[in-house]
Amino acid sequence: QKEVEQDPGPLSVPEGAIVSLNCTYSNSAFQYFMWYRQYSRKGPELLMYTYSSGNKEDGRFTAQVDKSSKYISLFIRDSQPSDSATYLCAMRGKGGTSYGKLTFGQGTILTVHP
Amino acid sequence: DTAVSQTPKYLVTQMGNDKSIKCEQNLGHDTMYWYKQDSKKFLKIMFSYNNKELIINETVPNRFSPKSPDKAHLNLHINSLELGDSAVYFCASSQIRLGLYNEQFFGPGTRLTVL
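Residues numbered from 1 in each chain as written. Chains lettered and ligands numbered in written order. Predicted model: local features only at pLDDT ≥ 70, side-chain atom pairs only at ≥ 80, totals over all residues. Heavy atoms only, no water.

### What about the sheet that holds strand β8 (residues 73-78) of chain B?
All names here are of chain B.
(1) Moving on: Strands sit in the order β1-β3-β8-β7 across an open sheet of four strands; the sheet is antiparallel. Among the strands making up the open sheet, the edge pair consists of β1 (4-7) and β7 (64-70). Across the sheet, the axes of successive neighbouring strands diverge by a mean angle of 20 degrees, strand direction being ignored.
(2) Moving on: As paired elements, strand β3 (residues 19-25) and β8 share four bridges and run antiparallel to each other. Looking at the pairing, Ser20 lines up with His77 of β8. (Pairing = 2+ DSSP bridges. Helix = DSSP H or I, 4+ residues; strand = E, 2+ residues; numbered from the N terminus. Axes fitted to C-alpha atoms, helices over the stretch in contact; angles between N-to-C directions.)

Structure below.
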């Protein structure tokens, strides 16, 4: 079983829809939770990160972390065609030997059609 | 302007050959990484160097050898290339700050195809 599981999709939604992307994980040591967006033939770029549990909002994007359930989500409101990309969740521990070691989910391919 | 750059962008080669990928970052970061992304988009860390010292070395065949001549450069040399090495290889960098979040910045990737 992988440490981080993410539904690979693909997910296809109409413009304006609310999108929900999710990951589950098994490692209790994970403290930082990130969402990366990767456009086709490009490198991943950080969208948002959250430390420990809770919600974080940035414009149309909301990240949620529920450590008790080992479950994280990314919500995209009013989705746009420009949101079409692969979304990767990533996690890491707080420090020590885990420094810098990101563990990724396998990515969800999202297409927003006009 | 480019923060993390990689060369070459595309690499097509025959099985058994030896090849190198170069990475450079101009962000002043002290830590650099190599990741491998397979055809299903799964991204997995391979190596990490902090101030030229190897700090992360995942289970990777010893045909892969990273080298960090200085903090701004991290190269990846692959010997005896195999079909299964075909993937996109990403370099990344970050500045380690103890107890704080350290964002990793990724390069554009090198698409390696082994024939």
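### Structural notes on the pairing of β8(B)
Residue and element names in this part refer to chain B.
(1) Moving on: One ladder, built from five bridges, connects β7 with β8; its direction is antiparallel. Pairing of Asp70 across the sheet is with His73, part of β8.
(2) Moving on: A loop of two residues connects β7 with β8, the two strands running antiparallel in sequence.

### A word on the side chain of B:Asp85
Residue and element names in this part refer to chain B.
(1) Moving on: Along the chain, the position of Asp85 falls in the loop between β8 and β9 (87-94).
(2) Moving on: Side-chain polar atoms of Asp85 contact the side chain of Arg63, separated by 2.8 Å.
(3) Moving on: With residues up to four places along the chain from it excluded, the contact list for Asp85 reads Lys36, Arg63, Phe64, Ile78, Ser80, Leu112 and Val114. (Polar contact = N/O pair within 3.5 Å; in protein donor to acceptor, adjacent residues only side chain to side chain. Contact = heavy atoms within 4.5 Å.)

### Let's talk about the interface of chain B and chain A
(1) Moving on: The interface of chain B with chain A comprises 25 residues on the first partner and 21 residues on the second.
(2) Moving on: Here chain B packs against chain A, burying approximately 2,100 Å² in sum over the two surfaces, 56% of which is carbon and sulfur.
(3) Moving on: Among the residues chain B hides against chain A, the three largest losses belong to B:Lys41, B:Phe42 and B:Tyr101. Together they make up 31% of the total.
(4) Moving on: Residues A:Lys101 and B:Glu58 are paired through a salt bridge, measuring 3.3 Å at the closest nitrogen-oxygen approach.
(5) Moving on: The interface formed by chain B and chain A includes three residue pairs in polar contact (both at pLDDT 80 or more).
(6) Moving on: Broken down by secondary-structure element, the contributors of at least two residues to the side of chain B that touches chain A are β4 (31-37) and β5 (43-50) of chain B. (Buried area = accessible area lost by both parts, 1.4 Å probe. Salt bridge = Lys/Arg side-chain N within 4 Å of Asp/Glu carboxyl O.)

### A word on the state of the cysteines
(1) Moving on: The tally for this structure, following the rule as stated, stands at two disulfides over all chains.
(2) Moving on: One disulfide bridge connects A:Cys23 with A:Cys89, the sulfur atoms lying 2.0 Å from each other. Disulfide A:Cys23-A:Cys89: the torsion about the S-S bond is -105 degrees, which places it as left-handed. Taken together, the positions of A:Cys23 in strand β3 (residues 19-25) and A:Cys89 in strand β9 (residues 85-92) put the pair 66 residues apart, joining distant regions of the chain.
(3) Moving on: Between the sulfur atoms of B:Cys23 and its disulfide partner B:Cys91 the distance amounts to 1.9 Å. Looking along the S-S bond of the B:Cys23-B:Cys91 disulfide, the torsion reads about -80 degrees, which is the left-handed sense. Here B:Cys23 is found in strand β3, whereas its partner B:Cys91 is found in strand β9, with 68 residues between them in sequence. (Disulfide = S-S within 2.5 Å.)

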